[in-house]
Amino acid sequence: GKFDGYIYLTDAMKEVINPDKPYTVVEGIANVDELSAVPDFEKATPKAVMYAGRLNEKYGIMDLVSAFGRIENENIALWLFGNGNCVDKIEKCCVEDKRIRYFGNVSRDEVLKYQRQATLLVNVRKDKDEYTKYSFPSKTIEYMASGTPLLTSALSGIPKEYYDYVFRIDETDTDTISS
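Residues numbered from 1 in each chain as written. Predicted model: local features only at pLDDT ≥ 70, side-chain atom pairs only at ≥ 80, totals over all residues. Heavy atoms only, no water.

Novice: I keep staring at the overall build of the protein chain and nothing clicks. Help me out?
Specialist: For the protein chain, the count of helices and strands is seven helices and eight strands. Counting only C-alpha atoms and orienting by the principal axes, one finds that the protein chain spans roughly 60 × 35 × 30 Å. When the accessible surface of the protein chain is totalled, it reaches about 10,200 Å², and 50% of it is carbon and sulfur. Averaging the locations of the 23 positively and 29 negatively charged side chains of the protein chain gives two centres separated by 3 Å. (Helix = DSSP H or I, 4+ residues; strand = E, 2+ residues; numbered from the N terminus. Areas by Shrake-Rupley, 256 points an atom, 1.4 Å probe, with all protein chains shown as cover. Lys, Arg positive; Asp, Glu negative; His and termini not counted. Charge placed at Lys NZ, Arg CZ, Asp CG, Glu CD.)

Novice: Could you clarify how one ought to interpret the sheet that holds strand S8 (residues 167-169) in this entry?
Specialist: Here six strands make up an open sheet; going across it, the order is S5-S4-S3-S6-S7-S8 and the pairing parallel. Both outer strands of the open sheet, strand S5 (100-104) and S8, are each paired with one neighbouring strand and no more. If you compare each strand with its neighbour and ignore which way they point, the axes differ by 25 degrees on average. Packing against the sheet, helix H4 (residues 87-96) makes contact with strand S4 (76-81) and S5, and its axis sits at approximately 140 degrees to S5. (Pairing = 2+ DSSP bridges. Axes fitted to C-alpha atoms, helices over the stretch in contact; angles between N-to-C directions. Contact = heavy atoms within 4.5 Å.)

Novice: Got a minute to help me understand the environment of Lys139 in this structure?
Specialist: Note on placement: Lys139 falls in helix H6 (residues 138-146). Linking Lys139 and Val122, residues 17 residues apart in sequence, is a C-alpha distance of 9.6 Å. Discounting residues that sit within four places of it in the chain, Lys139 has contacts with Tyr51, Ala52, Gly53, Asn123 and Arg125.

Novice: I'm lost on H4 in this one. Help?
Specialist: Residues spaced three or four apart along an α-helix point in a common direction, a consequence of the helix completing one turn every 3.6 residues. Within the sequence span of H4, burial applies to Val87, Ile90, Cys93 and Cys94. Relative to the axis of H4, the buried residues are bounded by an arc of 115 degrees and lie together on one face. Across from the buried face of H4, at angles greater than 90 degrees, the exposed residues are Asp88, Lys92, Val95 and Glu96. Buried residues along H4 sit against helix H3 (61-70), S4 and S5. (Buried < 20%, exposed > 50% of the residue type's maximum accessible area, 1.4 Å probe, protein only. Arc of directions from axis to C-beta.)

Novice: What am I meant to see in empty space enclosed by the protein here?
Specialist: Over the atoms rolls a probe the size of a water molecule, and in doing so it shows where empty space is left. One pass over the structure, following the stated rule, counts one cavity of 30 Å³ or more. One number sums up the size of the largest cavity: a volume of about 50 Å³. Along the walls of the largest cavity sit Leu35, Val38, Leu112, Gln115, Arg116, Glu142, Ala145 and Ser146, which together make up its complete lining. For the lining of the largest cavity, the secondary-structure elements that each account for two or more residues are helix H5 (108-117) and H6. Considering only residue class, the lining of the largest cavity consists of four nonpolar, two polar and two charged. (1 Å grid on protein atoms, 1.4 Å probe; cavity = no way out; pocket = protein on both sides within 12 Å on 5 of 7 lines; lining within 4 Å. Points joined across faces, edges and corners; volume = space filled by probe spheres on them. Nonpolar A, V, L, I, M, F, W, Y, C, P; charged D, E, K, R; others polar.)

Novice: Explain the pattern of salt bridges here, please?
Specialist: Two side chains carrying opposite charge are able to pair once their charged atoms lie near each other. All chains considered together, the criterion is met by 10 salt bridges. With its nearest N and O atoms 2.0 Å apart, the salt bridge here joins Arg70 to Asp175. Taken together, the residues span a long stretch of sequence, with Arg70 in helix H3 and Asp175 in helix H7 (residues 174-178) at a distance of 105 residues. We classify Asp175 as partly exposed; its relative accessible area is 49%. Asp97 is paired through a salt bridge with Arg99; the nearest N and O atoms lie 2.8 Å apart. In this structure, a network of salt bridges that share partners links the residues Glu34, Arg108 and Glu142. (Salt bridge = Lys/Arg side-chain N within 4 Å of Asp/Glu carboxyl O.)

Next comes the structure, spelled out in structure tokens:
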């Protein structure tokens with residue numbers, strides 16, 4: 001009763017916080033000057049699929065790695081940036097498949113540079129957990145601002161109009177991701 005209105009990350013938040021008050025949805029913010037200051041780079045050779053963020057099982061990172069392993073094209077690489085509970089598994093996969101590169105934690109500037117060099121950026125998070133209704137992956141805005149195509153899973157917290165500008169998959173199983 002102390003607020004005239006609300007600003008939410010997703011539309012679903014209104015039902016949990018206060019369905020009776022006026023609201024607006026702001027999925028996220030980005031510093032356009034910072035993102036546009038990154039120079040253009042030639043695309044990587046071989047082609048590169050890139051993920052930057054938490055390397056945790058619950059975000060589907062091992063499904064991405066497994067799906068990539070099914071691709072028989074030697075002229076494509078998988079670049080992974082970040083930290084999380086899958087790092088040990090990812091490092092083992094790098095030994096088994098030389099196309100997979102784990103960069104670890106690098107500076108934001110480095111991530112932005114690699115986003116411009118990549119052929120495809122990916123976020124294949126599963127939509128089964130309740131939190132996905134109330135969150136909007138900030139990497140979506142950053143990825144889109146890079147100018148590199150984005151492949152994302154359909155998530156409850158991402159408004160439908162975003163899917164007009166990205167490649168979307170509705171399932172996050174390894175067959176769907178690898179195709």
